There are 2 protein chains.
Amino acid sequence: MDELVIKGQKAKIAAQDLAIIPTEKKNEALRLIANELMDKRSFIIQENEKDLNNGRFSGLSQSILDRLMLNEKRIEEMVKSLQILIDLDDPIGEIIESWERPNGLRIKKVRVPLGVIGMIYEARPNVTVDAASLAIKTGNAILLRGSSSAIHSNKAIIQVIHDALRKTVIPPFSVQLIEEKGHEITDRMLRLHGYIDVLIPRGSAKFIQYVVENSSLPVIETGAGNCHVYIDQDANYEMAKQIIINAKTQRPSVCNAAETLLVHRDFARNHLPELITSLEELNVECRGCTQTISMLPHLTQATEEDWATEYLDLILAVKVVENVDEAIEHINRYGTKHSEVIVTNNRNDAKKFMESVDAAVVYHNASSRFTDGFEFGFGAEIGISTQKLHARGPMGLKALTSYKYMVLGNGQIR
Amino acid sequence: MDELVIKGQKAKIAAQDLAIIPTEKKNEALRLIANELMDKRSFIIQENEKDLNNGRFSGLSQSILDRLMLNEKRIEEMVKSLQILIDLDDPIGEIIESWERPNGLRIKKVRVPLGVIGMIYEARPNVTVDAASLAIKTGNAILLRGSSSAIHSNKAIIQVIHDALRKTVIPPFSVQLIEEKGHEITDRMLRLHGYIDVLIPRGSAKFIQYVVENSSLPVIETGAGNCHVYIDQDANYEMAKQIIINAKTQRPSVCNAAETLLVHRDFARNHLPELITSLEELNVECRGCTQTISMLPHLTQATEEDWATEYLDLILAVKVVENVDEAIEHINRYGTKHSEVIVTNNRNDAKKFMESVDAAVVYHNASSRFTDGFEFGFGAEIGISTQKLHARGPMGLKALTSYKYMVLGNGQIR
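Just so we're clear, the structure is a prediction, and the values are computed from it rather than from any experiment.

All right, on to helix H6 (residues 125–137) of chain A then. All names here are of chain A. The end-to-end C-alpha distance of H6 is 19 Å, a good match for the 18 Å that 13 residues give at a rise of 1.5 Å each. H6 sits mainly inside the fold: 11 of its 13 residues count as buried. If you check which residues of H6 are buried, you get Pro125, Val127, Thr128, Val129, Ala131, Ala132, Ser133, Leu134, Ala135, Ile136 and Lys137. Once H6 ends, the next one or two residues include glycine 139, with phi positive near 70 degrees.

Have a look at this one:
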């Protein structure tokens, strides 16, 4: 039997134990992992150095090397996240609902772990700690498939986690790294029925798409955000300006940043040149539709591709629309069901937009940048789901749980 | 472009309209469908006759022909289900949660439709009405892929549904039948990204498994039930007897019927022969483990295969176990995560069993036959999910919904 199946079996057994481990034991394990990470940080940094050297040698880009790099500060950040996680409520065991049937059966819907999580991710060794600790907190076992360019770092971190878990009642097999090289093993992981309950891919939009299209296991899709801000006829200029500036420029590289600005033609006539100037002063490159260009001839013409692009950069596509209906239509055509904003003082337009736009989060008069587990008050974030099943939008710990029904009777039969 | 993609596009457009159609309009459509079904019942029965003739000619089994057959009574049953559905609460628009953040943002988690449902099913034309009406009630569009052996019946039913929908604001494209013949189109449906939000296969365990393993779309798996009744040391004999008799014999062909009886060795010593006699008097064939056979030498020896088999028949595998731990281990190894029962007066054993058995529904002192949407009080049943994501156990209307976050601000930025 191969590594993958053996690890799958061990994970399944560990998951059974983990499901009923009490909160304080799970928190104790997280505390011990935090201590162990601090104690062994020079070992981890030294192993990480090997990955960095190999990466430099094989010509990895500077941005990938930066993501790969671990230093004292980054390890301290991991430890800080662990401490926040320890303080969060344990979702497992929560009675979500309970009721009694006329025949006297008492039904309780109780929150339980998912079982075994499969995590596939790129060269960010911090995800190893992050994913393992979220799994432990929610009583799930986890199979980690990191990038081979981070193999030394990941092995070191897993060794540290195992050293910590050996001092607890939590089976070390709860957290396992798939070490075998090559894409073939990743592809087999996408079809490991019977051992993995859910796959969570993390990385580029293209990579996540690959996992979604090739996996026959349930996938939690944390997807791309081609987010729009629509400024309606009846918008307050100052509010609209602050929102689009924030949504575009506060952190352009993230999925909840805005990529296209839609402007009602009346608002555009009165305010678009001034608004574009404000954006350009902040180094935003604007690409406009024909109507935009007619008002601002110095802009580049936006193409069909622009409407569908998540720039993740200081670039903004700009389109003038007839009304809220055209804005909704545009968004439902090009959007990625992530976060969409309307700025307006018109209640009817706001209502129509909020109801008809198909997205995880729709905003009335606020920036799309709030689509975030912490900003929503969840205390943790697994990612932002752009799918509609299981979990949608910012995912907290509950996204890593399922439920079971416990039915109590006194001899009821049908 | 082919039929499938064209229908997918139309479904997607219909879904956008459907998502915001008010409850009374949806109920009106269901009422009109019910009327139209009654009015055109002789047309439907006449078209069904064509399928039955073709089926007899091509040698379909009697049980398949029976499932395929429509008559006045069966159409009246469809109409009755429609009336029940009309009276159920509309889940769409429900505010699941709402809260306010320190920065003043008000967040509402609102229930919305999934979008487009893909339903793949075998030769039961009643599923066509059932699935279409559940989809309409929950604001979802639906693509139906029925068996080609029911094509005339399904086309007739769809025609009737479309005639009804044309008198309403609901786009007829909300309900579409994929008519093209052959397995190839089904396989393409399993990968129709961008048009289908969720697939629901209905049919044999083998067929559902095929869909799960070959689909790259999210699937709601309504699976097999290899259900167990475990009689603990401290069980009341009469209660245990009634529960296993009910779970095995009340309707042996369904997924929540029991397939294996596990008996604590002390209970077995005192009661097993008498219990087996009671089951045999009801024509149940028992197959025993070695210990069972040593007490009841006339029984057939159960093999490894028996522990894993969902008989769906008056056959029961019987195994004597040391204690509740062995029972749990056996169930977690051979069970299909459906419905599992412990009969005991011992609270600790019950607690351990309920917490450690990994199944959608766990029962203490009640029959597994209660795993059912109506018995749970949901008023409808989409099926019984044996997966852990999105929906688990009996699924009511809510299983066909997702949610979106509506965030109301007054200019908040990060």
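Read on for the rest.
Grouped together as the largest cluster of nonpolar side chains are 122 residues, with contacts concentrated most on Leu37(B), Leu144(B), Val175(B), Val229(B), Leu261(B), Leu272(B) and Leu275(B). The greatest single-element share of this core, amounting to eight residues, is contributed by helix H7 (residues 151–165) of chain B. Discounting residues that sit within four places of it in the chain, Val229(B) has contacts with Ile243(B), Ile244(B), Ala247(B), Ala258(B), Thr260(B), Leu261(B), Leu262(B), Val341(B) and Val343(B). In terms of nonpolar packing, the next biggest core, distinct from the first, is built from 121 residues, Ile120(A), Leu296(A), Leu316(A) and Val341(A) among them.

A complete count under the given rule lists 58 salt bridges over all chains for this structure. Two residues, Asp130(B) and Arg202(B), come together in a salt bridge whose shortest N-O distance is 3.6 Å. Placement of Asp130(B) in helix H6 (residues 125–137) and of Arg202(B) in strand E6 (residues 198–202) is noted, with a sequence separation of 72 residues between them. One salt bridge in this structure joins Asp358(B) and Lys337(B), with 3.7 Å as the shortest N-O distance. On the criterion of sequence distance, the pair formed by Asp358(B) in the loop between helix H15 (347–356) and strand E13 (361–366) and Lys337(B) in the loop between helix H14 (324–334) and strand E12 (339–343) is long-range, its members being 21 residues apart. On the basis of relative accessible area, Asp358(B) is assigned to the partly exposed category, the value being 25%. For Lys337(B), a relative accessible area of 22% gives the class partly exposed. Shared partners join several salt bridges into a network, and the residues in it are Glu36(A), Lys40(A), Asp163(A), Arg166(A) and Lys167(A).

Turning our eyes to something else, we now look at the interface of chain B and chain A. With 69 residues of chain B in contact, the opposing surface of chain A contributes 69 residues. Between chain B and chain A, roughly 5,900 Å² of surface is buried when both sides are summed, and carbon and sulfur atoms account for 54% of that area. Three residues, Leu389(B), Tyr405(B) and Arg414(B), lead the burial of chain B against chain A; their summed loss comes to 14% of the area buried on that side. Applying the counting rule to chain B against chain A returns two salt bridges.

Our focus in this paragraph is the environment of Ile243(B). Inspection of the secondary structure puts Ile243(B) in helix H10 (residues 237–249). Accessibility expressed as a relative area gives 0% for Ile243(B), which makes it buried. Each residue touching Ile243(B), except ones within four places of it in the same chain, is listed here: Gly411(A), Gln412(A), Ile413(A), Val229(B), Val341(B), Val343(B), Asn365(B), Ala366(B) and Ser367(B).

On to the pairing of strand E4 (residues 141–145) of chain B. Residues and elements named next belong to chain B. Of all the five residues making up E4, five are buried; the element is thus mostly covered by neighbouring parts of the structure. Residue alternation in E4 divides its side chains into two sets, Ala141, Leu143 and Arg145 and Ile142 and Leu144, and both sets are buried. Across five bridges, the pairing between strand E3 (residues 116–121) and E4 is parallel. By the bridge assignment for E4, isoleucine 117 is matched with isoleucine 142. A crossover links E3 with its parallel partner E4, the connecting element being H6, and its sense is right-handed. By the bridge criterion, three bridges tie E4 to strand E5 (residues 175–177) in an arrangement that is parallel. Across the sheet, leucine 143 pairs through a bridge with glutamine 176, a residue of E5. In this fold, E4 hands off to H7, which returns the chain to E5; that crossover is right-handed.

All names here are of chain A. The interhelical angle for the contact between helix H10 (residues 237–249) and helix H11 (residues 265–281), taken along N-to-C directions, is 40 degrees, at an axis separation of 11 Å. By the angle between their axes, H10 is oblique relative to H11. For the pair H10 and H11, the sense of crossing is right-handed. Along the contact surface, H10 presents Tyr237, Ala240, Lys241, Ile244 and Ile245, while H11 presents Phe267, His271, Glu274, Leu275, Ser278 and Leu279.

Attention now goes to the relation of the copies chain B and chain A. Superposing the two chain copies requires a rotation about an axis and a translation along that axis. Expressed as a screw operation, the relation of chain B to chain A combines 0.0 Å of axial shift with a rotation of 180 degrees, fitting to an RMSD of 0.0 Å. Between the two chains, the operation in question is that of a two-fold axis. It is His390(B) whose C-alpha, among those of chain B, lies nearest the rotation axis, at 1.8 Å. Comparing interface residues between copies, 100% of those in chain B also lie at the interface in chain A; the contact surface is shared.

Conventions used here
- Residues numbered from 1 in each chain as written.
- Chains lettered and ligands numbered in written order.
- Predicted model: local features only at pLDDT ≥ 70, side-chain atom pairs only at ≥ 80, totals over all residues.
- Heavy atoms only, no water.
- Helix = DSSP H or I, 4+ residues; strand = E, 2+ residues; numbered from the N terminus.
- Expected span 1.5 Å × (residues − 1).
- Buried < 20%, exposed > 50% of the residue type's maximum accessible area, 1.4 Å probe, protein only.
- Core = buried A, V, L, I, M, F, W, Y, C linked by side-chain atoms within 4.5 Å.
- Contact = heavy atoms within 4.5 Å.
- Salt bridge = Lys/Arg side-chain N within 4 Å of Asp/Glu carboxyl O.
- Buried area = accessible area lost by both parts, 1.4 Å probe.
- Pairing = 2+ DSSP bridges.
- Right-handed = clockwise from strand over helix to strand, strands pointing away.
- Axes fitted to C-alpha atoms, helices over the stretch in contact; angles between N-to-C directions.
- Parallel < 35°, antiparallel > 145°, perpendicular 65-115°, else oblique.
- Left-handed = near helix turned anticlockwise from the far one by under 90°.
- Least-squares fit on C-alpha atoms with pLDDT ≥ 70 in both.

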